[in-house]
Amino acid sequence: MRLKSAHWKTIVASALVAVSLTACASNGGGGSSADYPKKPFIITAPSGAGGGWDKTARSLAKVLGETKLIEQTITVENKPGGGGTVFLGEYVAKDSDDPYKLFVSSPPLLINNLKKEGNSPYGYKDVTPLAQITKDFGAIAVNATSKYNDLAALIADIKADPTKVTLAGGSAPGSMDHLISVLPAFKSGVDPKTVKYLSYDGGGEAIAALLGNNADAIGTDISSLGSYLKAGKIKILAVTSNERLGGDFKDIPTLKEQGLDAEFTIWRGVFGPKNMTKEQAAFWDSKLKELSENETWQKELTANDWASDYKNAADFKAFLDEQEGDVQELLTALGMQK
């Protein structure tokens, strides 16, 4: 997640992390191939069906299998609850030594660990970052039958009476969809604590609430909205990218075009348990790099309206170190920090 279009500088810490993980990869060598992997894998989406995590996990499993990059069977599991906090607590407690159980995540992994309400005691330092694989952006959407045709009208009603406008998202209060939902109002001078927000276990449930007229608008990842936009079921009022996107989203204005100095980038990555060996981590470092360069994966990205933004294990860990500061800054501004 990026709050501003800042240019980050390389820091000594990230260089040390890169050196450390590169050494791990080289030390792993080929000696582990006889022992790992030898069993089926499970990739968990810490949410219900239909949202960004679910689609990422299923696409990842499908392409790894179709391309034979992974010979073992890969099963996808959904474990909703608390915007990922329920799953992560169980994972750290029970699966820290199981290298056959991986999961996908995004900014909520950081947000849930740093926010004040409904937080998780665990974060990315309690697991093993393996790679960032995609980049997405947030969006504000309304039902196609909604009276709102632009973001300014929605914000005007929120300003007039926040209790009469219901925003929804597929994650808990204080987590990613909530931040996306309240960001435009916050940047327009509204106290985000006054904005009415309903949380659902996954983007699919939030979209269902919108289509069922149980919410006036939702904040979620734009890639999950493409099929609904094409079907004429929703209107998208804004995207949180720095510049307009292409394809089906080419006509969607950014927040900045609408006078709001804000940006929200949704990274998505793959993680393993904290106690993975150097050889096991190196195996996935190699396989996910191959995945990022594979033509089948590139087609999958296009089909899901995702942008490729691959970072290897070392670069991903350094990126997360930086993003932790970014998340803390936004939560502090919203009065939601621990």
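Residues numbered from 1 in each chain as written. Predicted model: local features only at pLDDT ≥ 70, side-chain atom pairs only at ≥ 80, totals over all residues. Heavy atoms only, no water.

S.K.: Mind showing me how you'd approach the overall build of the protein here?
M.R.: From N to C terminus, the protein includes eleven helices and ten strands. Taken over 338 residues, the protein has a buried fraction of 54%. By sequence separation, contacts in the protein at least 24 residues apart represent 79% of the contacts at least 6 residues apart. Just so you have it, the protein exposes about 14,000 Å², and 50% of that area is on carbon and sulfur atoms. (Helix = DSSP H or I, 4+ residues; strand = E, 2+ residues; numbered from the N terminus. Buried < 20%, exposed > 50% of the residue type's maximum accessible area, 1.4 Å probe, protein only. Contact = heavy atoms within 4.5 Å. Areas by Shrake-Rupley, 256 points an atom, 1.4 Å probe, with all protein chains shown as cover.)

S.K.: Would you mind going over the nonpolar core with me for this structure?
M.R.: Across soluble globular proteins, nonpolar side chains show a tendency to be buried alongside one another. Ranked by internal contacts, the top residues of the largest apolar core, which has 47 residues, are Leu 151, Leu 154, Ile 158, Leu 179, Phe 264, Phe 271 and Leu 320. For this core, the secondary-structure elements that each account for two or more residues are α3 (85–94), α4 (108–114), β4 (127–143), α5 (151–160), α6 (176–187), β8 (234–239), β9 (265–273) and α11 (313–333). In this structure Leu 320 touches Leu 110, Tyr 124, Pro 129, Trp 267 and Phe 271, once residues within four positions along its chain are discounted. Listed in part, the 29 residues of the second largest apolar core include Leu 69, Leu 102, Val 270 and Phe 283. (Core = buried A, V, L, I, M, F, W, Y, C linked by side-chain atoms within 4.5 Å.)

S.K.: Explain the pattern of salt bridges here, please?
M.R.: It is possible for side chains bearing opposite charge to pair when their charged atoms get close. Under the criterion given, the structure shown has 16 salt bridges. The salt bridge partner of Lys 250 is Asp 251, with a shortest N-O separation of 4.0 Å. Each of Asp 136, Asp 221 and Arg 268 takes part in a single network of salt bridges with overlapping partners. (Salt bridge = Lys/Arg side-chain N within 4 Å of Asp/Glu carboxyl O.)

S.K.: Help me out: how do you make sense of helix α2 (residues 52–66) in this one?
M.R.: Side chains three or four residues apart in an α-helix point the same way, a direct result of the helix having 3.6 residues per turn. For α2, with 15 residues, the first-to-last C-alpha span of 21 Å sits near the 21 Å given by 1.5 Å per residue. Regarding α2, the residues found buried are Gly 52, Trp 53, Asp 54, Thr 56, Ala 57, Ser 59, Leu 60, Ala 61, Val 63 and Leu 64. Just downstream of α2 lies Lys 68, where phi reads positive at about 65°. (Expected span 1.5 Å × (residues − 1).)

S.K.: Help me out: how do you make sense of the pairing of strand β1 (residues 41–45) in this one?
M.R.: Where a strand is regular, its side chains alternate between the two sheet faces. Counted residue by residue, β1 has four buried out of five residues, so it is predominantly covered. Pairing analysis gives five bridges linking β1 to strand β2 (residues 74–78), with the strands arranged parallel. Bridged to Ile 43 within β2 is Val 76. On the question of chirality, the crossover connecting β1 to the parallel β2 by way of α2 is right-handed. Across three bridges, β1 lies against strand β3 (residues 101–105) in parallel orientation. The residue bridging Ile 43 from the neighbouring strand is Leu 102, located in β3. (Pairing = 2+ DSSP bridges. Right-handed = clockwise from strand over helix to strand, strands pointing away.)

S.K.: Is there a simple way to explain the environment of Ala 262 in this structure?
M.R.: Relative to the helices and strands, Ala 262 resides in the loop between β8 and β9. A relative accessible area of 2% places Ala 262 in the buried class. For the pair formed by Ala 262 and Thr 240, sequence separation is 22 residues and the distance between their alpha carbons is 7.1 Å.

S.K.: Looking at this model, I keep getting lost on the packing of α2 against helix α10 (residues 295–303). Mind explaining?
M.R.: Angle between the axes and distance between the axes are the two parameters that describe a pair of packed helices. Contact geometry of α2 with α10 gives a least axis separation of 10 Å together with a crossing angle of 155°. In terms of orientation, α2 and α10 fall into the roughly antiparallel class. Here the hand of the crossing between α2 and α10 comes out right-handed. Facing α2, whose interface residues are Ser 59, Leu 60, Lys 62, Val 63 and Glu 66, α10 presents Thr 296, Trp 297 and Glu 300. Grouping the amino acids of the contact of α2 with α10 by side-chain chemistry returns three nonpolar, two polar and three charged. (Axes fitted to C-alpha atoms, helices over the stretch in contact; angles between N-to-C directions. Parallel < 35°, antiparallel > 145°, perpendicular 65-115°, else oblique. Left-handed = near helix turned anticlockwise from the far one by under 90°. Nonpolar A, V, L, I, M, F, W, Y, C, P; charged D, E, K, R; others polar.)

S.K.: I keep staring at the packing of α2 against helix α9 (residues 278–292) and nothing clicks. Help me out?
M.R.: The geometry of α2 relative to α9 is characterised by a closest axis approach of 11 Å and an angle of 90° between their N-to-C directions. Regarding the angle of α2 to α9, the classification is roughly perpendicular. Contact residues: Leu 60, Val 63 and Leu 64 in α2; Trp 284, Leu 288 and Leu 291 in α9.

S.K.: I keep staring at unusual backbone geometry and nothing clicks. Help me out?
M.R.: A negative phi holds for most residues other than glycine; trans holds for most peptide bonds. The linkage connecting Tyr 36 with the following residue, Pro 37, adopts the cis geometry, with an omega of -5°. Tracing the backbone through its elements, the reader meets Pro 37 in the loop between α1 (12–28) and β1. For Asn 213, which is not glycine, the phi torsion reads 60° and is therefore positive. By secondary structure assignment, the location of Asn 213 is in the loop between α7 (203–211) and β7 (217–221).

S.K.: I'm lost on the packing of aromatic side chains in this one. Help?
M.R.: Enumeration according to the criterion identifies 13 aromatic pairs in this entry. On the basis of an interplanar angle of 20° and a centroid distance of 5.3 Å, the ring pair of Phe 103 and Phe 271 is categorised as stacked. Of the two residues, Phe 103 sits in strand β3 while Phe 271 sits in strand β9, which places them 168 residues apart along the sequence. Comparing Phe 103 with Phe 271 shows no difference in burial state: the two are buried. Arranged with centres 5.3 Å apart and planes meeting at 50°, the rings of Phe 271 and Phe 316 form a pair that is tilted. Taken as a pair, Phe 271 in strand β9 and Phe 316 in helix α11 lie far apart in primary sequence, 45 residues in all. In this pair, the class of Phe 271 matches that of Phe 316, namely buried. Of the aromatic side chains, those joined through ring pairs into one cluster are Phe 87, Tyr 91, Phe 103, Trp 267, Phe 271 and Phe 316. (Phe/Tyr/Trp six-rings, centres within 6.5 Å; stacked < 30°, edge-to-face > 60°.)

Honestly, it's all geometry; don't read function into it.
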